[in-house]
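Inside the fold
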Amino acid sequence: MKTSSLLIILALVLIIAVALAIIYPLYTTRPPATVSTQTVSTPILLGGNLEWTGQEASVNLWKERGARLAIEKINSKGGVLGRPIDIVIYDSALSTEKAVSIATRLIEVDKVAVVVSLGATVTASAMIPVTEKYGVINFVMFAPASIVRQKLQDPNYYPNTYIFSAGSYFYPKAFLDFLASLPESDRPKTIAVIGRNDVYGKDSYTSIEEWLKEHPGMFNIVANEYFDVGTPDLKPLVSKIIAINPDVIMANVYMGEAIQVVKALQELRWKPKFLWINVGPQQPEWVTQLGDIANYVFTSTPYVWTIPTPGNEELNNLTLSRYGTNAVYGEGCAYAMIEIIAQAIKKAGSTDPAKIKEILNKETFDTIIGKVRFKNGVLQLEHFVIQIINGKPEVVWPLEYRTHNPIYPIPDSWLRG
């Protein structure tokens with residue numbers, strides 16, 4: 001047989017074999033195709049920011065732990081919609097420019113289902129316009145008070161943004177509620193305010209003004225002093241406040257600045273009757289860095305490890321066993337945020353933003369901070385006032401959660417450290 005004829009026969013045989021391979025499965029009985037395990041187990045990806053560097057680093061370490069502990073718990077029970085949850089977090093380093101870049105990357109590159117703004121108020125305020133531009137749901141742990149005010153008034157304002165809390169909005173008001181609850185004979189009369197010269201500090205002061213307008217004649221603001229972010233020494237500003245001799249100092253500052261304020265007061269040998277600091281005293285580092293002068297300082301928070309809610313004791317015990325300390329506010333807040341997101345996706349049966357928003361706008365969610373729901377995208381939850389007593393955060397307000405009677409005025413022994 002000629003070589004050419006042999007090649008033709010081999011080619012025909014090959015063609016027939018390929019045809020049979022294609023046609024045969026179509027006419028045989030076999031189980032229906034199943035969705036690949038790879039597709040089913042693809043994680044639902046969340047993405048956010050944190051300040052891993054700079055003065056807020058220690059605070060944000062706990063936020064990350066809380067988010068990851070919640071994800072661990074959810075995944076141990078099968079995840080959501082048969083898929084595990086995962087999270088990617090980038091360092092925004094208290095930079096608004098970095099925050100904008102991170103928000104864009106999370107949406108365009110990482111393709112996250114939900115953005116979780118875990119960082120500070122200043123970075124959250126930079127990320128929100130980006131997520132709104134893309135129509136991506138953004139859960140904000142601590143939002144600017146100005147945005148909270150507008151959202152509470154207008155349900156269509158930033159419709160894709162859901163706010164867990166706002167230290168610059170709720171915290172000062174909670175402390176003023178506490179002061180107003182004191183017997184009239186104990187109630188202070190004058191307040192001096194110290195704040196960062198940024199959106200966080202200015203929003204916090206506006207919240208104080210707003211409260212005072214609703215309670216005319218209750219307290220008198222005798223000073224409002226701003227300092228530029230990055231000011232290396234706050235002692236001169238504290239000296240200026242001391243000269244006014246206010247009953248109360250309210251400091252709208254971050255952790256490193258809060259420590260500066262307390263040390264300056266101690267070095268200058270002067271104390272107000274009440275000292276309230278927005279951020280810092282909630283953290284374990286507060287006591288380790290300040291020792292005895294960490295005591296008697298007030299602060300506010302949406303989370304305390306002592307609140308008797310389902311799952312809170314479990315989280316606290318886990319934190320004690322792993323990290324040797326009780327659960328702190330950043331950890332509890334991040335944990336609750338992930339709980340809400342997971343429940344919303346599950347109830348929606350989808351990661352479709354429109355379906356998730358529908359659930360968020362109407363449902364109630366079970367979390368370690370209790371049963372909560374949103375009003376115009378702002379979470380309605382209790383805010384506590386705590387005071388550091390014997391190195392421990394004690395709830396002093398509201399009364400139904402009180403774990404210790406408040407101590408005021410600050411004892412003279414505080415000045416001796």
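Residues numbered from 1 in each chain as written. Predicted model: local features only at pLDDT ≥ 70, side-chain atom pairs only at ≥ 80, totals over all residues. Heavy atoms only, no water.

This part covers the environment of I410. Locating I410 in the fold gives a position in the segment after β15 (392-397). The buried category is assigned to I410, whose relative accessible area is 2%. C-alpha separation for the pair I410 and K273, spaced 137 residues apart in sequence, amounts to 5.5 Å. Every residue in contact with I410, bar those within four places of it in the chain, is listed here: K271, P272, K273, L275 and Y296. (Helix = DSSP H or I, 4+ residues; strand = E, 2+ residues; numbered from the N terminus. Buried < 20%, exposed > 50% of the residue type's maximum accessible area, 1.4 Å probe, protein only. Contact = heavy atoms within 4.5 Å.)

Tallying each qualifying case throughout the model produces 15 salt bridges. Salt-bridge contacts for D198 lead to R196; the nearest nitrogen and oxygen are separated by 2.8 Å. In this structure, K371 engages D366 in a salt bridge whose closest nitrogen and oxygen atoms are separated by 2.4 Å. Residue K371 is classed as exposed on the basis of its relative accessible area of 63%. Among the ionic contacts, a cluster of salt bridges with common partners joins R149, K173 and E210. (Salt bridge = Lys/Arg side-chain N within 4 Å of Asp/Glu carboxyl O.)

The predicted model of the protein chain averages 89 in pLDDT, with 90% of residues at 70 or higher. Low pLDDT (under 50) marks residues 9-39, which in the prediction has four contacts with non-local residues, meaning those over four places away or in another chain. (pLDDT = per-residue confidence, 0-100.)

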